[in-house]
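Summary of the model geometry
One-letter residues, chain by chain:
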Amino acid sequence: MKHVLAALLIALPLAAPAQDRAGMIRGIVEEEIVGGFAELEQAAARLVEVAGQDCTHPGLHDSYAAAFLAWARVSHLRFGPSEEENRAFALAYWPDPRGRTASAIRKMLADGNEDLLAPETYADMSIAVRGFYALDFLMHEKDLAEIGTPEYRCALVRTIVADIHGTTGELAEAWEGFAPMLTEPGADSPYRTEDEVLQVLYKSASTGLEFASDMRLGRPLGTFERPRPNWAEAYRSGLSLQLLQAAVRGAGGLAVRLAADDATLQARLKAELEDFHDSADALGDPVFASVAEPTGRFRVESLQTDLQEVREVVQGELGPALGVSAGFNSMDGD
């Protein structure tokens, strides 16, 4: 792909007319943020419907995966309504280096306490037993079939699914209400100017790409002497690579839209992202299991390099072009 980049850039006009920044922000808010969280809520609603039919329904995994991927596409937006009431962490408590989710789910299955499954009670429980990663463990950890009863296990699946839907519904509604804070900055908004709005949007894109590289790829890579394939995100369900790509499409797509004032820079970002996705599509390793052997590890490291090249363009060129910087990592602690 890179060998056609020069030709592509030559074909572009030398300077693109500056886009109205208010219009750019409005498009991002309406389509990427409000639209993205609406799609997440809709995917979660479909998951509730399928789980309600049968916990062994053949479409349950597919509905779960669709909702999980919809979350990954907006997971970089960790400000405003997403950070209120721990909503983002209630959907996505990962990484979990101490295994709190596994311990909590095992205890719940062993105890079989039905009182904990009441929606109001469950919504107040630890984030370790809530959200997509708890559901991933519950649905795909093989030895859980030996703990508790199938009936309680199914009830717990439905409780987690309903809790996910409740949180995504809150997010969709809250983001729709918060949108004017971004599209109409000023005295009545946390953001006084369009530059401040661009700052928080840029930070979301930059830290989202950083998290994808350092955590979604960095954790399973571990070190050469000690690779950690079982540290890959959602490896039990086989979604590690798909979640990575969905997250990069979200954060990378936001970066592309923020580069709308500079056609050359926007084309470079698109080309680097296309290189990354081409490499990901060709990897043939959905859970990064190959990091444990040299050839496979080299290919995953190469994929991480492709992603780091996207980050370099975002941090080295997009930030200065917008006149902003990423600052504090809003995903610290995830």
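See the structure printed just above.
All chains use their own residue numbering, which begins from 1 and follows the written sequence. Only residues with pLDDT of at least 70 are given local features in this predicted model, and only at 80 or more are side-chain atom pairs given and counted; all residues enter the totals for whole chains, interfaces and linings. Hydrogens and water molecules were not included; the side-chain quantities draw on all heavy atoms of the structure.

What to know about the nonpolar core
Note the following rule: Among buried residues, the Ala, Val, Leu, Ile, Met, Phe, Trp, Tyr and Cys ones that are joined through side-chain atoms within 4.5 Å form a nonpolar core. Classification of residues uses two cut-offs on accessible area relative to the type maximum, computed with a 1.4 Å probe and protein chains only: under 20% is buried, over 50% is exposed, and between them is partly exposed. Strands are runs of DSSP state E lasting at least 2 residues, helices are runs of H or I lasting at least 4, and numbering of each runs from the N terminus. Residues are treated as being in contact if the distance between any of their heavy atoms lies within 4.5 Å.
Within the largest apolar cluster, 100 residues are counted, with the highest numbers of intra-cluster contacts made by F79, I105, L182, L244, F288 and L318. Top element by residues in this core is helix 2 (residues 21–53). It accounts for 13 residues. The contacts of I105, once residues within four sequence positions are left out, are V129, A134, F137, L138, L144, L156 and I160.

Overview of the pattern of salt bridges
Two side chains carrying opposite charge are able to pair once their charged atoms lie near each other. Test applied: By definition, a salt bridge exists where a carboxyl oxygen of Asp or Glu is found within 4 Å of a side-chain nitrogen of Lys or Arg.
Tallying each qualifying case throughout the model produces 16 salt bridges. In this structure, R216 engages E233 in a salt bridge whose closest nitrogen and oxygen atoms are separated by 2.7 Å. Taken as a pair, R216 in helix 9 (residues 194–221) and E233 in the loop between helix 9 and helix 10 (240–258) lie far apart in primary sequence, 17 residues in all. Accessibility assignment for this pair places R216 and E233 in one class, buried. Across the pair E317 and R268 runs a salt bridge whose closest N-O atoms are separated by 2.2 Å. Remark: R268 occurs in helix 11 (residues 263–283) and E317 occurs in helix 12 (residues 294–322); sequence separation between them is 49 residues. Exposure remark for E317: the relative accessible area of 32% places this residue in the partly exposed category. By relative accessible area, which is 22% here, R268 ends up partly exposed.

Focus on the side chain of R130
To keep it simple, the criterion reads: N or O atoms within 3.5 Å of each other form a polar contact, as long as, within protein, one can give a hydrogen and the other can take it, and as long as residues adjacent in sequence are counted only when both atoms are side-chain atoms.
Topologically, R130 is positioned in the loop between helix 6 (119–123) and helix 7 (131–140). R130 sits in the buried class, given a relative accessible area of 10%. At 2.8 Å, the side chain of R130 forms a polar contact with the side chain of D163. Not counting the four nearest positions on each side in its chain, R130 is found in contact with A90, Y122, A123, M125, D163 and T167.

A look at the packing of aromatic side chains
Note the threshold: Two rings from Phe, Tyr or Trp (for Trp, the six-membered ring) form a pair when their centres are within 6.5 Å of each other. A pair whose planes differ by under 30 degrees is stacked, one over 60 is edge-to-face, and the rest are tilted. For a ring to carry a charge above it, either NZ of a lysine or CZ of an arginine must fall within 6 Å of the ring centroid while also lying within 35 degrees of the normal to the ring plane.
In the structure shown here, the tally under the stated rule is nine aromatic pairs. An angle of 10° between the planes, with centres 4.9 Å apart, marks the rings of F68 and F132 as stacked. One end of the pair, F68, is in helix 3 (residues 60–74); the other, F132, is in helix 7, with 64 residues separating them in the sequence. Taking relative accessible area as the criterion, F132 reaches 0% and is therefore assigned buried. Ring pairs connect the aromatic residues Y64, F68, W94, F132, Y133 and F211, which therefore count as one cluster. For R78, the ring lying beneath its charged end belongs to F89, and the centroid distance is 5.0 Å. Here R228 stacks its cationic end above the ring of W231, 4.2 Å away from the centre of that ring.

A short note on unusual backbone geometry
Cis geometry marks the peptide bond from W94 to P95; its omega dihedral reads 0°. When you line up the elements, P95 lands in the loop between helix 4 (87–91) and helix 5 (100–111). Positive phi outside glycine occurs at E85, with the angle close to 55°. Along the chain, the position of E85 falls in the loop between helix 3 and helix 4. One non-glycine residue, N86, adopts positive backbone phi at about 55°. Structurally, N86 is set in the loop between helix 3 and helix 4.

Considering helix 7
Helix 7 sits mainly inside the fold: nine of its ten residues count as buried. Residues of helix 7 that are buried include every one of G131, F132, Y133, A134, L135, D136, F137, L138 and H140, and no others. Looking at the buried positions of helix 7, the neighbouring elements they touch are helix 2, helix 3, helix 4, helix 5, helix 8 (150–183) and helix 9.

Points about the environment of D281
Note on placement: D281 falls in helix 11. The exposure class of D281 is exposed, given its relative accessible area of 55%. Spatially, the C-alpha atom of D281 lies 35 Å from that of A104, the residues being 177 residues apart in sequence. Of the polar contacts made by the side chain of D281, one reaches the side chain of Q245; its length is 3.2 Å.

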